[in-house]
Every structure is written in C-alpha cells, then in structure tokens.
Amino acid sequence: GRKWTEVKALNEDLKDQVALIRGRVQAIRAVGKKMAFVVLRERGFTVQCILTVTPDVVSAQMVKFATSLSRESIVDIEGVITVPATTIKGATQQVEVQVKKIYCVNKAIPALPINIDDAARSEEEIENALKAGEQLVRVNQDTRLNFRVLDIRTPANQGIFRIQCQVENIFRQFLLSEGFVGIHTPKLIAGSSEGGSAVFKLDYKGQPACLAQSPQLHKQMAICGDFGRVFEIGPVFRAEDSFTHRHLCEFTGLDVEMEIKEHYSEVMDVVDRLFVTMFDSLNDTCQKELEAINEQYRFKPLKYLRKTLRLTFEEGIQMLREVGVEIDPLGDLNTESERKLGQLVLEKYDTEFYILHRYPLAVRPFYTMPCYDNPLYSNSFDVFIRGEEIISGAQRVHVPEYLLERAQACGIDVKTISTYIDSFRYGAPPHGGFGVGLERVVMLFCALNNIRKSSLFPRDPQRIAP
Ligand code: ATP
Ligand code: AMO
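Computed from a prediction, not measured in an experiment: that's the story for all the values here.

Here is what the cut-offs are and how they apply
- Residues numbered from 1 in each chain as written.
- Chains lettered and ligands numbered in written order.
- Predicted model: local features only at pLDDT ≥ 70, side-chain atom pairs only at ≥ 80, totals over all residues.
- Heavy atoms only, no water.
- Buried < 20%, exposed > 50% of the residue type's maximum accessible area, 1.4 Å probe, protein only.
- Helix = DSSP H or I, 4+ residues; strand = E, 2+ residues; numbered from the N terminus.
- Pairing = 2+ DSSP bridges.
- Near = heavy atom within 4 Å.
- Polar contact = N/O pair within 3.5 Å; in protein donor to acceptor, adjacent residues only side chain to side chain.
- Areas by Shrake-Rupley, 256 points an atom, 1.4 Å probe, with all protein chains shown as cover.
- Nonpolar A, V, L, I, M, F, W, Y, C, P; charged D, E, K, R; others polar.
- Domains from an automatic or database assignment.
- Contact = heavy atoms within 4.5 Å.
- Buried area = accessible area lost by both parts, 1.4 Å probe.
- Salt bridge = Lys/Arg side-chain N within 4 Å of Asp/Glu carboxyl O.

1. Looking at the pairing of strand β11 (residues 250-259)
For β11, the tally of buried residues reaches 7 of 10 residues, placing the bulk of the element in the interior. For strand β10 (residues 229-237) and β11, the ladder comprises 9 bridges, and the chain directions are antiparallel. Looking across to β11, one finds that Gly 234 is bridged to Gly 253. Bridge analysis of β11 against strand β16 (residues 431-437) gives 7 bridges, and the strand direction is antiparallel. Of the residues in β16, the one forming a bridge with Gly 253 is Gly 437.

What follows is the structure in structure tokens.
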C-alpha cells in the first residue's frame, strides 16, 4: 500500500516532502480559473491545500474539478508540503499542501442540512457574526440531533465522545486494578428494579417483562454469588415522562457493587479514589479534546479536592437553611435546591465535586440499608458535580426477611423479584455499591447545558431516531 499521512501529523518537519492525505472538503475558494484553495479536514484537523495551474502537473480542468467538489465529500490529495511566511487562518495545521493530484473518493450531496462550519461556532461567535450582518444559519439542538451524523463531525463533538470513551476506560482500568470483576447482567427482566413507573414494559414470549431500569438486582446477586467486587458498563432504560436537560430514556450506566466489612464509607472511598483518578487523567490525557470543546462551549475546569468532601444530608440542609431555603428534613432535594447547595459548597469548600450522604430513608429505594443509629436515615449517598447528581449509592439490606418487608412497604410487586429476595436466603455478605450515569459525568465535567450533547444518539421522551 501507499504511505498515508494523517492531517493532524502535517507539520514543518515534513517541508518539501510529498504527502498523501484523505479528508473531507471543508471549504473551497476559487481564485480566477488558475487557482483554488481546498481546506481538507480529517477528524477535526484541517489543512489548506492549494491548486495552481502548472504545466504537466495541474491542468485548468483539475482546478475546475476541485472547485466543483461539494462540501463534506471525501477526497484524496497528493502534494508537496510547504511552509507559508504568515500564519494560516481557518486551518489547524500551519503548513500548506501544493496539490499535484486530487481524487474524489465519494461525494456528498451539494445541499447539506447542516453546514459544519456553522455548527462548530460558539454562541458568542454566532452572535457577533449575526451582528456583523453575516449570512449564517443558527443550528438549533433539534436540527443537530436530526442530522447527528453531520453534527458529530464538529471538533467539539469529536472531543466530547473521546472524553466519554476515556471516562469509561478509566472506570474499567481503575476498578480492575482494585480487584473488581467486570460482569454483564440481563437487560430483559421480569419487573422493575428501582420502583416507580419509569419502566418500559414488553411482552417476553407471552410473559410480562420490562427493560432493566438498572443492573441493581443482578449486581447484588453477583455479590451473593461470591464475586466480592463487581462492576458493569451497560445500557439502562428509563421510561422518563419529563423532558429535562438531564434525563434520557436510555443511558449508559457505570455500576459498582462490593462487599463491605464495617461501614458504607468503604464504598464512598472507592468513589473518591475512582473520581480523583478519573478527573486527573482527563485533565492530563485529554487536553486537545478539552480545548476543542472549550472553543465551542466555554467552561471553567472542574474544581475538585484531593480528598473528596463528604457532607451529611443534615449538614446540607443546614447550609441551605442558613441562606433561607426551607427543606423538609426527611424529604428529597429538588433540582433547584441541589444547585443551590452546589453553589454554597463551592463558596465554602472550594470544590464542585462532593458527596452528600445519610439521606432520609423514605426517599431511597427499597433495597437501601437504614442507619443503625436512626432508621429515619439511611446508609446512602448521592454524588454531585457542579450542583447536579451524577451518582446514587448505598449499603444494601442483606437480610432477606427485612428486604421482603421493605419491598412490600415500598409497593414493589414482590412476585417479580422473588429470585432476588431468595438469593439472600443462602447466606449473603454485607455489601453496597453505586451507579453512575456516564452521559451525566461527561456533561457536567465539561459544564455542557444538556445531556443530549453527551449522548451520541440520544433517546428522550420525544426521540427514537436517528
Ligand atoms: P435518582 O433516580 O437517583 O433520583 P435522578 O437524577 O434521575 O436520579 P430524579 O429522582 O429524577 O433524579 O430527580 C432528582 C430530583 O430532581 C428530585 O428531587 C426531583 O424532584 C427533581 N426533578 C426530577 N425531574 C425534574 C424535572 N423535570 N423538573 C424539575 N425537577 C425535577
Ligand atoms: P439512580 O436511579 O440514581 O440509581 O441512577 C444512577 C445514576 O444514573 C444516572 N441517571 C440518568 N442519566 C440519564 N438519564 C436518566 N434518565 C437517568 N436516571 C439516572 C444519574 C444517576 O445518579 N441502582 C441505583 C444505583 C445504586 O444504588 O447502585 C440507581 O439506579 O447519574
């Protein structure tokens, strides 16, 4: 095969060498009939290619052909690398390619529903361009999602999904290094695992069934099966009714379950080490991606402490009370008070990542262990980034009689979870765990305003395509 060079690798070291590159046509500009500029883009990196009519090398027809190419078409270009005297605007690479050969591999339709240049601009740039009287089509969220294949070609989106991959990667690497075993639990199950109505019902060969709302029951059963410490990366289905900026009907769950020796703080210790490792690694290994995202969606780096702050729910409520927000001490926080508490914590402790634990039992799922000293509270926690929830976790009830009682008290149809309850009759160790929403981690680490931005092909109450 021939030797190919990636656009991102084109630099001054290659001066005067011939390079063969493949990319998409990002922009074309003709200068008379004898010259044309083609900006070629490969995965977010762009280079300016120049065609100049030259006897025996570049014909006038070749220039004409180049200027007729439609945007986003895929082309191969062979040319000599040159270094211009001035900096190049509108391309990431600071060299040019003097084209000798150009070949269209596959063309895109001429009238694209989204112009990638426009889709890649920041809100600020768009405002300024519109004020300056530029003809530009503002690309709204729905249009982006309708034509997602085009939308995800922007540098910011390329960055977002590479970061998502790294979050998943660190999650796996870290847990493997701490002796956890990766498992896969069924997504077709007999009943709801989290309670509530947000479940997709289906017909399982004549039996009523549903899509798993979480791996909760089976990850606990894996602990009953003596795996000691397990994790799972898999899809989670929630038939959410409300259309919010942070709920999807299908998302990726990063789940953990582990034996506990003495206290549920052992589970929070894992959260602490895992996330400090993850944030460090993202800041370290994903600089280019974070810059690309920042170009379009401005955000400040996440503030987090070397040892994650832990506050009890009561302490949180107290902080809110002090600024005049009244909360039911045995109720849940709503979105607004969660955000407010996030602000207060940032002001007081200088961190945007923290754990809130000892939630009131009444607002937690049936499998949650009550506090030994006060059964109105529970050995549970939520974790927040920038005032929004990314994790729920808890110690679980491991005594079958009490688990059954709790399930009944919470209105769960116990027939559908009888094999789960039975698992605890054969000897079950004390245990706990947590569930992380992958899309929420990426959304909030990058301070994106909508979870649809961190889901490749989002599923929400109104969208099942593309
Ligand atoms: P979890 O299932 O663990 O609670 P979650 O992030 O999906 O995770 P929800 O229970 O859906 O959380 O909501 C958390 C809080 O946010 C609740 O107290 C609820 O009142 C509030 N909330 C949920 N949906 C909305 C909404 N559409 N608008 C305003 N507040 C909401
Ligand atoms: P919970 O229901 O809180 O807990 O879910 C865990 C985490 O999943 C994310 N999440 C969502 N992300 C996108 N769209 C949604 N509709 C959505 N709902 C939840 C959040 C949340 O923190 N079994 C427990 C976990 C455990 O205790 O181990 C559970 O499912 O980031």
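2. Focus on the site of ligand 1
In the region of ligand 1, the neighbouring residues are Arg 238, Ser 242, Thr 244, Arg 246, His 247, Asp 332, Leu 333, Asn 334, Thr 335, Glu 389, Ser 392 and Arg 440. Within the side chain of His 247, an N or O atom sits 3.0 Å from an oxygen atom of ligand 1. Within the side chain of Glu 389, a nitrogen or oxygen atom sits 2.9 Å from an oxygen atom of ligand 1. Protein contact buries 58% of the 600 Å² of open area that ligand 1 shows by itself. Grouping the constituent residues of the shell around ligand 1 by class yields 1 nonpolar, 6 polar and 5 charged.

3. What about the domain arrangement of the protein?
Taken as a whole, the protein is organised into domain 1 (7-106), domain 2 (116-145) and domain 3 (155-454). The C-alpha-based centres of domain 2 and domain 3 are spaced at 36 Å. Listed as interface residues are 9 residues of domain 2 and, on the opposing side, 8 residues of domain 3. The largest per-residue losses of area from domain 2 upon contact with domain 3 belong to Ala 120, Ser 122 and Gln 141, which jointly make up 56% of the total buried on that side. Put simply, domain 2 and domain 3 have 1 salt bridge between them. For Glu 124, the salt bridge is made with Arg 298, and the minimal N-O distance between the two is 3.9 Å. Linking domain 2 with domain 3 are 2 residue pairs in polar contact (both at pLDDT 80 or more), by the criterion used here. Contributing elements (two or more residues each) for the side of domain 2 that touches domain 3: α3 (123-131) and α4 (141-146).

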